[in-house]
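The residues making up each chain are set out below.
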Amino acid sequence: MAKKVEGILKLQIPAGAANPSPPVGPALGQRGINIMEFCKAFNEKTKDKGGFTIPVEITVYNDKSFTFTLKEPPMTDLIKKVSGVKKGSDNPLKNKVGKLTKDQVMEIVGMKIADLNTDDKEQAAKIVAGSARSMGIDVEL
């Protein structure tokens, strides 16, 4: 018989750096989850993705057990890494801070397409381009 789901938590945690301090500890402690068990499992699965903040969806069951699924890093983090900029523009319409080529956009699409609401790579490229433009990065499609 399947376990009964008590709730779902969504957190964003730096890869390989989960620890019992806020925001992880209090969020898990309220649900009665073993915090150290989660931290060890999360850090083990994300140790190769250093430098990114990883969204995680934790499913809590009524017997206080849990499962979690990892998502890809946020779009803005991927765009910053691929384009080589430190942060987005303060005024994206006037101040451009970088440039993305079509190959770079497709590289981001390859990493992120599982989390997007489309399977079409061209539509996914438009989503990536829109996010990049809102950060003040020119896109060549």
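This one's a predicted model, so the numbers in the text were calculated from it and none came from an experiment.

### Some thoughts on the domain arrangement of the protein
Now for step 1: The domain architecture assigned to the protein consists of domain 1 (5-70) and domain 2 (75-139).
Now for step 2: Here domain 1 and domain 2 have C-alpha centroids that lie 27 Å from each other.

### Looking at the packing of helix α3 (residues 75-83) against helix α4 (residues 102-112)
Now for step 1: With their axes 10 Å apart at the nearest point, α3 and α4 run at an angle of 140° to one another. In this structure, α3 crosses over α4, and the sense of that crossing is right-handed. Here α3 contributes Met75, Leu78, Ile79 and Val82 to the contact with α4, which in turn contributes Gln104, Glu107, Ile108, Met111 and Lys112.
Now for step 2: Of the residues in the contact of α3 with α4, the class split is 6 nonpolar, 1 polar and 2 charged.

### What about the UniProt feature "domain: Large ribosomal subunit protein uL11 C-terminal" (unreviewed entry) in the protein?
Now for step 1: Within this structure's numbering, the places UniProt gives as "domain: Large ribosomal subunit protein uL11 C-terminal" (unreviewed entry) are residues 71-139.
Now for step 2: Across residues 71-139 one finds 49% helix and 9% strand; the C-alpha atoms that close the span lie 25 Å apart.

### Remarks on the nonpolar core
Now for step 1: Counting 36 residues, the largest nonpolar core has Phe38, Ile58 and Ile79 as its most contacted members.
Now for step 2: For this core, the secondary-structure elements that each account for two or more residues are β1 (5-14), α1 (24-31), α2 (35-46), β2 (53-61), β3 (66-70), α3, α4 and α5 (121-134).
Now for step 3: Each of domain 1 (5-70) and domain 2 (75-139) accounts for three or more of the residues forming this core.
Now for step 4: If near-sequence neighbours (up to four positions away) are discounted, Phe38 is found in contact with Ile13, Val24, Leu28, Val56, Ile58, Phe66 and Phe68.

### Regarding the environment of Leu78
Now for step 1: Summarising the element assignment, Leu78 is placed in helix α3.
Now for step 2: Expressed as a C-alpha distance, the spacing of Leu78 and Pro23, which sit 55 residues apart in the sequence, is 23 Å.
Now for step 3: Leave out the neighbours within four places in its chain, and Leu78 touches Phe52, Pro73, Ile108, Met111 and Lys112.

### Quick look at the pattern of salt bridges
Now for step 1: As enumerated under the stated definition, the model contains 7 salt bridges in all.
Now for step 2: A salt bridge links Lys47 to Glu44; the nearest nitrogen and oxygen atoms lie 2.8 Å apart.
Now for step 3: Classification of Lys47 by relative accessible area gives exposed; the value is 58%.

### Things to note about α4
Now for step 1: If you check which residues of α4 are buried, you get Val105, Ile108, Val109 and Lys112. Buried residues of α4, seen end-on, are gathered within an arc of 105° and therefore sit on one face of the element.
Now for step 2: Close packing links the buried residues of α4 with α3, β4 (98-100), α5 and β5 (137-139).

The rules behind the values
Residues numbered from 1 in each chain as written. Predicted model: local features only at pLDDT ≥ 70, side-chain atom pairs only at ≥ 80, totals over all residues. Heavy atoms only, no water. Domains from an automatic or database assignment. Axes fitted to C-alpha atoms, helices over the stretch in contact; angles between N-to-C directions. Helix = DSSP H or I, 4+ residues; strand = E, 2+ residues; numbered from the N terminus. Left-handed = near helix turned anticlockwise from the far one by under 90°. Contact = heavy atoms within 4.5 Å. Nonpolar A, V, L, I, M, F, W, Y, C, P; charged D, E, K, R; others polar. UniProt positions renumbered as here; feature names shortened; annotations may be inferred. Core = buried A, V, L, I, M, F, W, Y, C linked by side-chain atoms within 4.5 Å. Buried < 20%, exposed > 50% of the residue type's maximum accessible area, 1.4 Å probe, protein only. Salt bridge = Lys/Arg side-chain N within 4 Å of Asp/Glu carboxyl O. Arc of directions from axis to C-beta.

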